[in-house]
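Coordinate inspection notes
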2 protein chains.
Amino acid sequence: MDLPAIKIMEQYAREHPEVISLSQGIPASASDPRIRLSVMSALLSNKVDKYSEPQGMLEFREKISDQLMGDGMKYSSSEVIVTVGAIEAMTVSLMALLKPGDEVIIPTPTYSAFFRSAKVAGLNVTEFPLNEEGPWSLDISLLEDQISKRTKAILLCHPNNPTGSTLTQEKFESLGQLAIEHNLIIFLDEVYRNMFYGEAALYNPCTNSAFKNYIVRIVSFSKDFSLTGWRVGFLHSSQQIIDEILPVHDTVVNCAPVISQYAALSALENAESIFLSNKELYHKNRQLMGERLLQLSDYLSFTWPQGSYFFFPKFKKMTDSRSFCLDLVKKAGIAAVPGSDFGTGGEGHIRLCFGREKESITEGMNRLENYFKENL
Amino acid sequence: MDLPAIKIMEQYAREHPEVISLSQGIPASASDPRIRLSVMSALLSNKVDKYSEPQGMLEFREKISDQLMGDGMKYSSSEVIVTVGAIEAMTVSLMALLKPGDEVIIPTPTYSAFFRSAKVAGLNVTEFPLNEEGPWSLDISLLEDQISKRTKAILLCHPNNPTGSTLTQEKFESLGQLAIEHNLIIFLDEVYRNMFYGEAALYNPCTNSAFKNYIVRIVSFSKDFSLTGWRVGFLHSSQQIIDEILPVHDTVVNCAPVISQYAALSALENAESIFLSNKELYHKNRQLMGERLLQLSDYLSFTWPQGSYFFFPKFKKMTDSRSFCLDLVKKAGIAAVPGSDFGTGGEGHIRLCFGREKESITEGMNRLENYFKENL
């Protein structure tokens with residue numbers, strides 16, 4: 001197994017400080033000072049040296065449960081596992097709930113780590129392409145045609161990374177019914193849920209208790225709270241599913257880092273004001289990058305993302321996105337992620353992250369524009 | 001898969017504050033203030049919010065490499081992976097280097113998580129009993145008889161948890177030759193290496209470069225530096241092996257928590273003085289617990305541990321250590337780990353940790369003594 005292109009791009013960017021990275025989904029802003037203050041207080045009170053329960057600190061899980069309840073999802077603190085970020089939640093859940101050789105369907109393009117998690121868990125992957133003209137919509141009846149006896153799960157990134165598309169309540173209800181009929185688990189990665197630019201609220205299928213035994217929902221603190229390096233997230237599901245995942249989580253990491261659990265607890269306590277300021281920032285950045293991309297319509301086309309902090313433009317003359325991105329970072333000094341990393345339907349695109357400083361976005365787009373003028 | 005007895009005991013102890021826990025291997029002392037000061041400085045300089053490289057911060061890996069070199073082990077910073085504690089190092093390495101259905105030999109009694117790691121990786125386990133009369137010695141030629149074509153690895157905890165036994169240079173040289181001849185990997189968990197009570201220095205097989213392709217050595221910061229909750233450790237091996245483990249590590253956790261990497265970096269920088277004070281403490285505690293156990297010779301027998309912070313006494317009239325420990329915690333208020341948790345040869349024993357405060361050890365031993373007088 002090789003490292004994905006995104007890691008190669010990030011490594012290159014690290015070694016070349018002049019490169020502007022619009023590749024990895026890391027928020028540019030620092031974590032909220034209140035979070036760091038709260039961490040210091042936990043540190044000074046000697047609360048962070050010892051293991052927590054494998055499932056996560058009770059105080060923290062209760063706070064998570066309260067927040068879920070407030071959003072209409074009925075999950076108790078015992079139906080939550082605190083994890084080492086979303087990636088541990090996904091990989092460990094797949095390992096715990098599925099068997100090597102089981103088949104999973106992954107709508108694509110999608111977060112590339114899904115393929116790697118499935119591979120590590122020994123699963124067979126069927127890619128199911130989203131309809132780009134939709135834009136990037138999920139056709140549930142075509143999806144149903146792909147289900148075989150060996151299909152055990154669907155891995156869904158929502159809002160979708162890299163396309164920024166989201167699902168309506170109607171789609172989610174159909175998908176939930178499909179899961180019940182075919183006894184499938186939906187692994188629902190909602191890392192970008194709070195980056196949403198639509199008018200009406202984004203529907204959440206975990207508010208429907210009929211789906212509780214069929215959904216493992218995964219949440220991270222990395223993106224919303226600029227805590228990528230802290231490695232903390234959580235998953236929630238029915239008690240029966242939690243009881244199957246917990247021993248595997250315990251065997252892989254024992255528990256999430258305790259100091260990071262305190263950071264995330266403080267993040268939840270201050271979520272409202274942090275989300276408000278993020279919302280304003282990401283709306284502005286989306287507008288900024290989108291308008292610059294519009295000016296490049298000779299070279300590319302794109303749809304505006306409904307969620308996440310990514311644009312996923314399609315380039316008119318590009319057939320090998322990996323070579324293109326390598327050339328782009330070397331010649332123009334911008335790191336982007338090749339669309340081929342995201343599976344079927346991704347080729348021909350690149351992913352650009354607007355969760356960065358305004359100056360980086362502007363300078364990155366200047367460089368992209370110059371690159372086109374000089375090279376295409 | 002169920003949670004192991006040790007977690008059930010710890011959970012009981014957490015819910016009953018009057019219980020004295022001599023079960024889980026958690027040092028009683030807080031982490032060194034210099035470590036916490038260094039963490040605060042990293043926190044205030046905004047260094048901890050973003051992912052590090054999957055392999056771990058270069059600055060930290062260079063420090064680890066320096067320390068290994070100083071101990072006669074030639075491993076560069078690229079031959080090190082920083083992990084989410086020793087358990088992630090073990091589980092992920094097994095997943096990366098072996099295939100489901102492969103066989104591993106585990107000398108027992110041993111750290112119970114080994115069985116769980118092997119199970120999660122889909123491996124078949126052959127337990128190979130240590131010779132209790134040795135005390136707890138490893139017979140290499142008998143071990144060789146157990147090797148089949150499907151045997152791919154040996155999982156070794158050294159110094160041994162729970163027995164405290166260690167291997168001589170001669171044994172390690174034979175074991176290394178065995179690995180070369182049969183193309184096996186030795187997963188060498190040396191979490192308790194710095195808790196050693198022998199006269200001469202403890203031999204380290206990683207100082208012999210002939211074994212480099214055959215050993216994955218695992219080190220934790222949890223026990224030596226009272227950092228169990230921080231979830232940080234590392235592994236080192238040959239470049240070829242590291243290149244196989246790294247993508248799986250990346251897929252399971254992305255990287256170790258960055259703030260914990262700073263804590264561990266500071267721990268290494270202050271290791272000499274911390275080890276010195278630990279050494280004094282553990283020598284005293286070992287003496288204290290050992291002398292109390294000697295007074296209970298009507299009920300039990302034991303050997304003095306050469307390493308680790310555990311005693312593993314054998315009880316004359318006990319046949320079911322799990323029931324015994326449950327009865328002990330309920331009636332006498334002491335949590336200990338049943339020997340059956342540690343595999344073949346463990347039944348009939350219990351594990352007692354002396355990495356606790358002097359008062360806890362004394363009161364724990366008082367309670368054990370009273371329990372015997374009243375119940376046996």
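Please refer to the structure higher up on the page.
Residues numbered from 1 in each chain as written. Chains lettered and ligands numbered in written order. Predicted model: local features only at pLDDT ≥ 70, side-chain atom pairs only at ≥ 80, totals over all residues. Heavy atoms only, no water.

Turning our eyes to something else, we now look at the relation of the copies chain B and chain A. Superposing chain B onto chain A requires a rotation of 180 degrees together with a translation of 0.0 Å along the rotation axis, leaving an RMSD of 0.0 Å. The superposition of one copy onto the other is thereby described by a two-fold rotation axis. Same-surface contact between copies: 100% of interface residues of chain B are shared with the interface of chain A. (Least-squares fit on C-alpha atoms with pLDDT ≥ 70 in both. Contact = heavy atoms within 4.5 Å.)

Turning next to the sheet that holds strand E10 (residues 310-311) of chain A. Residues and elements named next belong to chain A. The 3 strands lie next to each other as E10-E14-E13, forming an open sheet whose pairing is antiparallel. Since the sheet does not close on itself, it has two edges, and those belong to E10 and strand E13 (337-338), each with one partner. Pairing analysis gives 2 bridges linking E10 to strand E14 (residues 350-353), with the strands arranged antiparallel. Bridging from a neighbouring strand, Phe310 pairs with Cys353 of E14. (Pairing = 2+ DSSP bridges. Helix = DSSP H or I, 4+ residues; strand = E, 2+ residues; numbered from the N terminus.)

Moving on to the side chain of Ser117(B). With respect to the helices and strands, the residue Ser117(B) is situated in helix H5 (residues 113-120). Looking at Ser117(B), the relative accessible area reads 0%, which means it is buried. Side-chain polar atoms of Ser117(B) contact the side chain of Thr91(B), separated by 2.8 Å. Ignoring any residue separated from it by four or fewer positions in sequence, one finds Ser117(B) in contact with Thr251(A), Ile87(B), Met90(B), Thr91(B) and Leu94(B). (Buried < 20%, exposed > 50% of the residue type's maximum accessible area, 1.4 Å probe, protein only. Polar contact = N/O pair within 3.5 Å; in protein donor to acceptor, adjacent residues only side chain to side chain.)

Below, the discussion takes up the pattern of salt bridges. The final tally for this structure, using the stated rule, is 22 salt bridges over all chains. Across the pair Arg217(A) and Glu190(A) runs a salt bridge whose closest N-O atoms are separated by 2.9 Å. With Arg217(A) in strand E7 (residues 215-220) and Glu190(A) in the loop between strand E6 (185-189) and E7, this residue pair connects regions lying 27 residues apart in the sequence. In terms of burial, Arg217(A) and Glu190(A) fall into one category: buried. Among the ionic pairs, Glu132(B) bridges to Lys314(B), the shortest N-O distance being 3.8 Å. (Salt bridge = Lys/Arg side-chain N within 4 Å of Asp/Glu carboxyl O.)

Our next topic: a negative patch on the surface. Residue and element names in this part refer to chain A. A surface patch of negative charge is lined by Glu59, Glu62, Asp66 and Glu269. A per-element tally of the negative patch places helix H3 (residues 58-70) first, with 3 residues. Among the structural elements, Glu269 can be located in helix H9 (residues 258-269). (Patch = residues over 30% accessible without salt bridge, like charges linked within 9 Å, V, L, I, M, F, W, Y side chains within 5 Å. Areas by Shrake-Rupley, 256 points an atom, 1.4 Å probe, with all protein chains shown as cover. Lys, Arg positive; Asp, Glu negative; His and termini not counted. Charge placed at Lys NZ, Arg CZ, Asp CG, Glu CD.)

The next thing to look at is the environment of Ser340(A). Note that Ser340(A) resides in the loop between E13 and E14. Discounting chain neighbours no more than four positions away, the residues touching Ser340(A) are Ser321(A), Arg322(A), Gly346(A) and Glu347(A).

With that settled, consider helix H7 (residues 169-182) of chain B. Residues and elements named next belong to chain B. Its 14 residues give H7 an end-to-end C-alpha distance of 20 Å, which sits within 8% of 20 Å, the value for a rise of 1.5 Å per residue. Listing the buried residues of H7 in full gives Phe172, Leu175, Gly176, Leu178 and Ala179. With its buried residues spanning 155 degrees around the axis, H7 presents them on a single face. In H7, those exposed residues whose orientation departs by more than 90 degrees from the buried face are Glu170 and Glu181. Contacts from the buried residues of H7 go to helix H6 (140-145), strand E5 (151-157) and strand E6 (185-189). Immediately downstream of H7, the backbone of Asn183 shows phi near 55 degrees, a positive value. (Expected span 1.5 Å × (residues − 1). Arc of directions from axis to C-beta.)

What follows concerns the interface of chain B and chain A. Taken together, the 55 residues of chain B in the interface contact 55 residues of chain A. Between chain B and chain A lies a buried interface of about 4600 Å² when both sides are counted; carbon and sulfur atoms form 61% of it. When the buried surface of chain B facing chain A is broken down by residue, Asp49(B), Tyr51(B) and Thr251(B) rank first, second and third, together holding 16% of it. Taken together, the links from chain B to chain A amount to 0 salt bridges. For the interface between chain B and chain A, the tally reads 24 residue pairs in polar contact (both at pLDDT 80 or more). Of all the elements in the fold, those that place two or more residues in the side of chain B that touches chain A are helix H1 (5-15), helix H2 (33-44), helix H4 (85-97), H5, helix H8 (239-253) and helix H9 (258-269) of chain B. (Buried area = accessible area lost by both parts, 1.4 Å probe.)

What follows covers unusual backbone geometry. For the bond running from Gly134(A) to Pro135(A), omega is -5 degrees, close enough to zero to count as cis. Along the polypeptide, Pro135(A) turns up in the loop between strand E4 (124-129) and helix H6 (140-145). The phi torsion at Arg231(A) lies on the positive side, around 55 degrees, for a residue other than glycine. As for its position among the elements, Arg231(A) is in the loop between E7 and strand E8 (233-236). Accessibility expressed as a relative area gives 2% for Arg231(A), which makes it buried. The backbone of Ser226(B) sits at a positive phi, close to 55 degrees, despite the residue not being glycine. As for its placement among the helices and strands, Ser226(B) is situated in the loop between strand E7 (215-220) and strand E8 (233-236). Judged by relative accessible area, Ser226(B) falls into the buried class, the value being 7%.

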